[in-house]
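Chain residues, written in single-letter form:
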Amino acid sequence: MKKLFLVILLISIPCFAEEVPGYMRVDVDKLGTQIWFGATHNYKGVNLASDVYMNSTFSELDIGILINLRKNLAILPMIGVSFDFQNRNIAQHIHQLYIYWNMLSDVYFESWEEIFVELKKEFKPSYFYNRSILLYNLTPTKAIGPHVEFSQNKDEIFSLVYGGAFNICYGKSNILRIVLGKETKNKLGTSTFGKTEAA
């Protein structure tokens, strides 16, 4: 319980410093409702990025460096650790790489590369996860494109989802993303996949 208190305290302290770029994000999918908070602090020219992810009694803390390779291309390597508050232990450490690329004025590409290293036997084996999305801006407030994600352990690809994504702006700096597709590795057969994300 003390660990949970420390995480909540960290994100609830008022900030009196200069403006820091940040975001709040909510995802809803088969894992339930997940809440994210993130920010990027500039320290002597270095962009330190961090985020906190919460899902019921499970939480994750990540930190990394945002690297702008050029004006329209950025990468974000991160390292993270996850906490299982119900069983009061550290569940995973996570190695991550995020790629953000405005390829053209109306085309955007985003890719997540994550390695989850499980630290407890009761969790599933360590695995690699990828999520990639390519969006075309239909209008300044709407975008559409393909979405693919898969999970692979040392033996097999145990989840493979493909489908489409749709973005719509909800006011200034707010986006609602709806993802629909098919899970092709479900042992019970192909199933419909759904996800909503708001940031």
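Since the structure is predicted, the reported quantities are computational estimates derived from the model, not experimental observations. (Residues numbered from 1 in each chain as written. Predicted model: local features only at pLDDT ≥ 70, side-chain atom pairs only at ≥ 80, totals over all residues. Heavy atoms only, no water.)

To continue, consider the overall build of the protein chain. Of regular secondary structure, the protein chain possesses 1 helix and 12 strands. Along the protein chain, helices (α) and strands (β) appear in the sequence α-β-β-β-β-β-β-β-β-β-β-β-β when read from the amino end. Scored against the burial criterion, the 199 residues of the protein chain give a buried share of 33%. For the protein chain, the share of sequence-separated contacts (at least 6 apart) that also reach a separation of at least 24 residues comes to 32%. Per element, the accessible surface of the protein chain, about 12,600 Å² overall, is 65% carbon and sulfur. (Helix = DSSP H or I, 4+ residues; strand = E, 2+ residues; numbered from the N terminus. Buried < 20%, exposed > 50% of the residue type's maximum accessible area, 1.4 Å probe, protein only. Contact = heavy atoms within 4.5 Å. Areas by Shrake-Rupley, 256 points an atom, 1.4 Å probe, with all protein chains shown as cover.)

Turning our attention to the environment of Phe-58. Mapped onto the secondary structure, Phe-58 falls in strand β4 (residues 58-70). Classification of Phe-58 as partly exposed rests on a relative accessible area of 21%.

This brings us to a nonpolar patch on the surface. A cluster of nonpolar side chains, namely Tyr-43, Val-46, Leu-48, Ile-65, Ile-67 and Leu-69, defines an oily patch on the protein surface of about 500 Å² accessible area. Elements with a minimum of two residues in the nonpolar patch: β3 (46-55) and β4. The element that contributes the greatest number of residues to the nonpolar patch is β4, accounting for 3 residues. Structurally, Tyr-43 can be placed in strand β2 (residues 32-43). (Patch = residues over 30% accessible without salt bridge, like charges linked within 9 Å, V, L, I, M, F, W, Y side chains within 5 Å. Salt bridge = Lys/Arg side-chain N within 4 Å of Asp/Glu carboxyl O.)

Before going further, it helps to spend a moment on the packing of aromatic side chains. Tallied over the full model, the rule gives 7 aromatic pairs. Through pairs of rings, three or more aromatic residues link up here, namely Trp-36, Tyr-53, Tyr-98 and Trp-112. (Phe/Tyr/Trp six-rings, centres within 6.5 Å; stacked < 30°, edge-to-face > 60°.)

Walk down a regular strand and you will see the side chains alternate between the two sheet faces. Pairing geometry for strand β1 (residues 22-29) and β2, over 8 bridges, is antiparallel. Note on β2: the bridge partner recorded for Gly-22 is Ala-39. Remark: 2 residues form the turn of the hairpin made by β1 and β2, two consecutive strands paired antiparallel. In the sheet, β2 pairs with β3 via 9 bridges, with the strands oriented antiparallel. When the sheet's bridge partners are listed, Ala-39 is paired in β3 with Ser-50. In this antiparallel pair of consecutive strands, β2 and β3, the connection spans 2 residues, and Lys-44 shows a positive phi of 55°. (Pairing = 2+ DSSP bridges.)

Core analysis: the largest hydrophobic core is formed by 11 residues, namely Trp-36, Ala-49, Tyr-53, Leu-76, Met-78, Ile-94, Tyr-98, Trp-112, Phe-116, Tyr-127 and Tyr-129. Contact partners of Tyr-53, with chain neighbours within four places excluded, come to Gln-34, Ile-35, Trp-36, Phe-58, Ser-59 and Glu-60. (Core = buried A, V, L, I, M, F, W, Y, C linked by side-chain atoms within 4.5 Å.)

Attention shifts here to unusual backbone geometry. The phi dihedral of Lys-44 is positive, around 55°, even though this residue is not glycine. Tracing the backbone shows Lys-44 in the loop between β2 and β3. For Arg-88, which is not glycine, the phi torsion reads 55° and is therefore positive. Looking at where Arg-88 falls in the secondary structure, it is placed in the loop between β5 (73-84) and β6 (89-104).

Remember that the coordinates give geometry; whether it matters functionally is a separate question.
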